[in-house]
Structures are given as C-alpha cells and as structure tokens.
Amino acid sequence: MKAFGVGLIGFGTVGAGVADALIRNGELLASRLGSRVVLRGIADLDLETDRGVKVDRALLTRDAEALVRNPDIRIIVELVGGTGVARKFVLAAIEAGKTVVSANKALLAEHGAEIFGAARARGVDVYFGASVGGGIPIVRSLRDGLIGNRIESVHGILNGTCNYILHRMETEGLPFAAALQAAQAEGFAEADPSLDIDGVDTAHKAALLARLAYGLDVRLADLCIEGIRGLALDDIADVKALGYRIKLLAVVKREGDAVEVRVHPALVPEKHVLASVSGVFNAVMVRGDLVGDTLYYGRGAGRLPTASTVVADIADAVRSLASGTPRGWPIDPAGADLPRLLPIGEVVSRHY
C-alpha cells in the first residue's frame, strides 16, 4: 500500500486535533483510501505544552522549513494562522511542489490571488475546506456538490462567537458587554475579540465564498463590514416585537452582472431556518439555479470539528497524488465571464 507523508506546521488546538485524528483513525483512512497517510513531522515553536495527544517526540521540530524540504513529505498542512509566517511557509511549500492544506481564512482571503496563482503555476493543489465553517463541508459542497449550479445567493452565520453573544442577549437579556464576557469565560471569545465582534472574521469567510461561488478576488477594503459591537438590548427587543431575530450574516448574492458581498447584523424572520441557529453553531444557506435552497449546519470551530475537515482535505490530496492527476484546484477564473463586485452604494435592501 502506498504511503504519503504529511508535515504539520502549527501544533495548537486544531493542529493537535489533526494529529490526533491521523493517529487515531489512520487504519480507517487507509482502508477507505487504499493508501496510507503517514504523519512525518510536526513543527511548532512551543514543543513543551501538553497538547493532549501522544506523538513520537522524534516528529517534533521548531524548523518548519525542514518539513517543506523533506522529500518524504508530500502534503504540508498549515495551521499557524495569521498572514505573516504562514504566507512564507505556504509559498515555500508550493515552490517545493507540495500539496498544501490550510484552514487559514485570513491568509487566503487577503493573499489568495498570490497563493492560488503560485499553485497553478507550479501545478499543485491548495485545499482550504476548514477555512470557512470549521466542520461544515461548505467549501466542498460549492466546489463539488453544486458544481453544475449557477449560485444565486449564499447567506451564512459564520462566526460562533457572535452567534453565542446574540443568543445570550436575546434569551437571557444580557447586555452586550456581559454576553461578551460570558463568551470569553466559556472560551468562545478571545481576550481581544475584535476580529469576531467587528465582523472581520466573517468578512474573510465571505470573501472566500465569493471566490468559490463566482471566481471573484474580493478585497476586504472594498466590502461593507459591520459587526455587533454597537447592538443594544433595545435593538433585540424591538426586532423581536416585529417578528425577527438579529443574526450577523455574510451575504454573497448575484444581482445581474454584479455580485454583492457584505457582512452586517441582519433581521431574519423568526420562522426562517437560519433564525433557529443558536449558540456557537454556524449555518450556510446556498441557493442554486438547479437545486434551489440547500442548508449546511454544524460547529463552525473547535479542535475536532475543524480537524475533521482538515483530514478530509488531506484525504482528497492523497487521492489526487495517488492517481497522479492533480485536480488543478482552485481553478483559474481567468477568461471566465466574471461578474463585478457591486459597490455598497448600489446595493438595495430593506433595512431597520
């Protein structure tokens, strides 16, 4: 049975989950793939903290570039986060002819054109299923399951921290500051929650969804991004009296020859399926011209849900490498009839 080596860069929460999954379910993967997935190295600056998973100490290194250079490693999994060293490692891996798997939505949203262009030029694949929705297979669904559809719209609740805060405000009458503090106490919000509550995390994911659905390279500077920081209990009460719930939504929607991409708190009718998404859960509704409405629901973050999607990407990469036919993913939209990004000043919608 053929074996394919994996190098893991980043051994934090998700990285530990991926290592755990590869070790725990290695035989299961082999039986389903017809090839073995072998963890050949783990790079992280902190090699002392107990990650809750037993790995051979010989696999651990602080030298991420050594994994990129290792000829026995065919797949590099980047789970560092951020857009600094992560970009360096990903581009180096592509240059070395490695397949890349990443869960880094910020990196791919802000440097996607460069990274995907480099991958196409080198003839390697970049997989990023876990970058949007954690354990929800929304990237895979847009890439494969709905490939025959013209995507008409995508509406997503893509940040569990914000959804948790809104849920506590609505159901318990907690002011925003108290709900945020509760989210931090539960480990659902960072000490500095700005990326979440100001909508930036959701905007990164919206940009990737726009790329998947329409081939657009969207810059965050061109988007309308509004978070939930300014919401008050009066807003929650007023909206409820009108028969709605407030959700932080990512909206990606085709309008003629243009696509609108925006992130902001939105009024969702109480009877709508997205209104019932509570706590830290995420959900994405996609409307295709052939299939109609489809819904994808689950945990949008966390060690094992996100690791599940990363491992699914690794499995896809192994299938491609075993067959000797890279998928050429993501495809080059050049030459396609790409829509334009609709400026927010031209967007027309109901509002409160």
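Nothing here was measured: the structure is a model prediction, and the numbers come from that model.

Let's talk about the sheet that holds strand 3 (residues 60-61)
Reading across from one edge, 3-2-1-4-5-6 is the order of the 6 strands in this open sheet, with parallel pairing throughout. The strands lining the two open edges of the sheet, one partner per strand, are strand 3 and strand 6 (126-127). As paired strands, strand 2 (residues 35-43) and strand 3 are joined by 2 bridges and run parallel to one another. Opposite I42, over in strand 3, you have L60 as the bridge partner.

Describing a nonpolar patch on the surface
Side chains of L242, L267 and Y352 sit close together on the surface and give an oily, nonpolar patch of about 300 Å² of accessible area. Mapped onto the elements of the fold, L267 is located in strand 10 (residues 258-269). When its relative accessible area of 32% is taken as the criterion, L267 is described as partly exposed.

Comments concerning the pattern of salt bridges
Evaluated as defined, the whole model comprises 26 salt bridges. Residue E170 pairs with R245 through a salt bridge whose shortest N-O separation is 2.7 Å. With E170 in helix 7 (residues 160-172) and R245 in strand 9 (residues 244-255), this pair connects stretches of sequence that are 75 residues apart. Of the charged contacts in the structure, one is a salt bridge between D198 and R229, with a shortest N-O distance of 2.9 Å.

Section: the packing of helix 7 against helix 8 (residues 176-185)
Two quantities define a packed helix pair, namely the angle between the helix axes and the distance between the axes. Relative to each other, helix 7 and helix 8 sit at 130°, their axes nearing to 9 Å. The orientation of helix 7 with respect to helix 8, classified from their angle, is oblique. At the point where helix 7 passes helix 8, the crossing takes the right-handed sense. Counted together, Y164, I165, R168 and M169 of helix 7 and F176, A179, L180, A182 and A183 of helix 8 form the full contact between these two elements.

With respect to helix 2 (residues 26-33)
Within helix 2, burial applies to G26, L29, A30 and L33. Considered in projection along helix 2, the buried side chains sweep an arc of 100° and stay on one side of the axis. Counted as exposed and oriented over 90 degrees from the buried face of helix 2: E27, S31 and R32. Those residues of helix 2 hidden inside the fold are in contact with helix 1 (13-24), strand 2 and helix 12 (303-323). Within two residues after helix 2, G34 carries a phi angle of roughly 75°, on the positive side.

Conventions adopted
- Residues numbered from 1 in each chain as written.
- Predicted model: local features only at pLDDT ≥ 70, side-chain atom pairs only at ≥ 80, totals over all residues.
- Heavy atoms only, no water.
- Pairing = 2+ DSSP bridges.
- Helix = DSSP H or I, 4+ residues; strand = E, 2+ residues; numbered from the N terminus.
- Patch = residues over 30% accessible without salt bridge, like charges linked within 9 Å, V, L, I, M, F, W, Y side chains within 5 Å.
- Areas by Shrake-Rupley, 256 points an atom, 1.4 Å probe, with all protein chains shown as cover.
- Salt bridge = Lys/Arg side-chain N within 4 Å of Asp/Glu carboxyl O.
- Buried < 20%, exposed > 50% of the residue type's maximum accessible area, 1.4 Å probe, protein only.
- Axes fitted to C-alpha atoms, helices over the stretch in contact; angles between N-to-C directions.
- Parallel < 35°, antiparallel > 145°, perpendicular 65-115°, else oblique.
- Left-handed = near helix turned anticlockwise from the far one by under 90°.
- Contact = heavy atoms within 4.5 Å.
- Arc of directions from axis to C-beta.

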